[in-house]
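Observations on the model geometry
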Amino acid sequence: MKKAARARRQLASALPVPDINTTPLIDVMLVLLVMLIITIPVQLHSLKLNLPIAPPSAPPPTPPEVVRLDIPPGGSVLWNGEALAGEAALRERLSAAGRQEVQPEIHVRPQPGASYDSFAAVMTAVHQAGLSKLGVTGSEQFLDDQP
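Below is a short write-up of the structure. (Residues numbered from 1 in each chain as written. Predicted model: local features only at pLDDT ≥ 70, side-chain atom pairs only at ≥ 80, totals over all residues. Heavy atoms only, no water.)

1. Some points on the packing of aromatic side chains
For any pair of aromatic rings, the description consists of the separation of the ring centres together with the inter-plane angle of the planes. Stated precisely, the cut-off is as follows: Note on aromatic contacts: the rings of Phe and Tyr and the six-membered ring of Trp form a pair at centre separations within 6.5 Å, being stacked when their planes are under 30 degrees apart, edge-to-face when over 60 apart, and tilted otherwise. The helix count covers DSSP runs of H or I at least four residues long, the strand count covers runs of E at least two residues long, and both are numbered beginning at the N terminus.
Within this structure, the stated rule accounts for one aromatic pair. Between Y116 and F119 the ring centres are 6.2 Å apart and the planes differ by 45 degrees, which places this aromatic pair in the tilted class. Within this pair, Y116 and its partner F119 are both found in helix α4 (residues 116–128), separated by three residues, close to a single helical turn.

Written out as structure tokens, the structure reads:
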């Protein structure tokens, strides 16, 4: 029995080991990676544009008129603090403002509790009147982290 075990050990030591030494493979891969990084050209994300140079413009002689549209709960609209009769009156005033030579700035300020439908109707009316100077103010009142 001892002879058979010894013969098996001799046979096993004579056979090649089935494990592959991966260290040389890793070294070759690292060398290839470094060579690839060195040979790739550097990409520049820039674009050369020749922009026209405009002469400095003077500020407007008078600041534009500011129209404040408040939207309280209930669907009514206030034009600089004055209550409007309805959506038709709002559209009439906005179209008159759109026909002015210097368009006024429109500041829309929805109050807490105002419906989204009222806000959307005001924004649609401003757009249809052709007014381009529009801003929504007072949105900080709707933040959740206020004390």
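2. Some remarks on the environment of S57
Let me state the cut-off plainly: Partly exposed describes any residue whose relative accessible area lies between the buried limit of under 20% and the exposed limit of over 50%, with all areas from a 1.4 Å probe on protein chains only and scaled to the type maximum.
For S57, the location among the structural elements is in the loop between α2 (23–39) and β1 (66–71). The exposed category is assigned to S57, whose relative accessible area is 67%. Residues S57 and R99 lie 42 residues apart in sequence; the distance between their C-alpha atoms is 24 Å.

3. Considering the pattern of salt bridges
Spelled out, the test is: Any Lys or Arg side-chain nitrogen found within 4 Å of a carboxyl oxygen on Asp or Glu counts as a salt bridge.
Scanning the model with the defined rule gives three salt bridges in all. Between R93 and E82 there is a salt bridge; the shortest N-O distance is 2.9 Å. A residue pair is termed long-range when its members are at least 10 positions apart, and R93 in helix α3 (residues 87–98) and E82 in strand β3 (residues 82–83) qualify at 11 residues. Residue R93 is classed as partly exposed on the basis of its relative accessible area of 27%. Across the salt bridge formed by R91 and E87, the nearest N and O atoms sit 2.8 Å from each other. Of the two residues, R91 and E87 are both situated in helix α3; the distance of four residues between them amounts to about one turn of the helix. By relative accessible area, E87 is classed as partly exposed at 42%.

4. What about a positive patch on the surface?
Put simply, the test is: Without a salt bridge and with relative accessible area above 30%, a residue can belong to a patch; like charges are then joined within 9 Å and nonpolar side chains (Val, Leu, Ile, Met, Phe, Trp, Tyr) within 5 Å. Here the accessible surface of atoms and residues is derived via Shrake-Rupley with a 1.4 Å probe, and residues count as covered only by protein chains that are part of the display. None of His or the chain ends enter the tally, which takes Lys and Arg as positive and Asp and Glu as negative. Charge positions are represented by NZ for Lys, CZ for Arg, CG for Asp and CD for Glu.
Taken together, the side chains of K3, R6, R8 and R9 make up a positively charged region of the molecular surface. By the element assignment, K3 lies in helix α1 (residues 2–14). What makes K3 exposed here is its relative accessible area of 70%.

5. Section: the environment of A129
What counts is decided by this rule: Residue contacts follow a heavy-atom distance rule, with two residues in contact if any of their heavy atoms lie within 4.5 Å.
With respect to the helices, strands and loops of the structure, A129 is situated in the loop between α4 and β5 (134–136). For the pair A129 and L84, spaced 45 residues apart in sequence, the C-alpha to C-alpha distance is 17 Å. Those residues in contact with A129, other than ones at most four positions away along the chain, are L94, S95 and G98.

6. Some words on the sheet that holds strand β4 (residues 105–110)
Selection criterion: Only strands that DSSP links by at least two bridges are regarded as paired with each other.
The sheet built from five strands is open, its strands ordered β3-β2-β1-β4-β5 with mixed pairing. One side of each edge strand has no neighbouring strand; the edge strands of this open sheet are β3 and β5. Examined bridge by bridge, strand β2 (residues 78–79) and β3 share two bridges and lie antiparallel to one another. Across the sheet, W79 pairs through a bridge with E82, a residue of β3.

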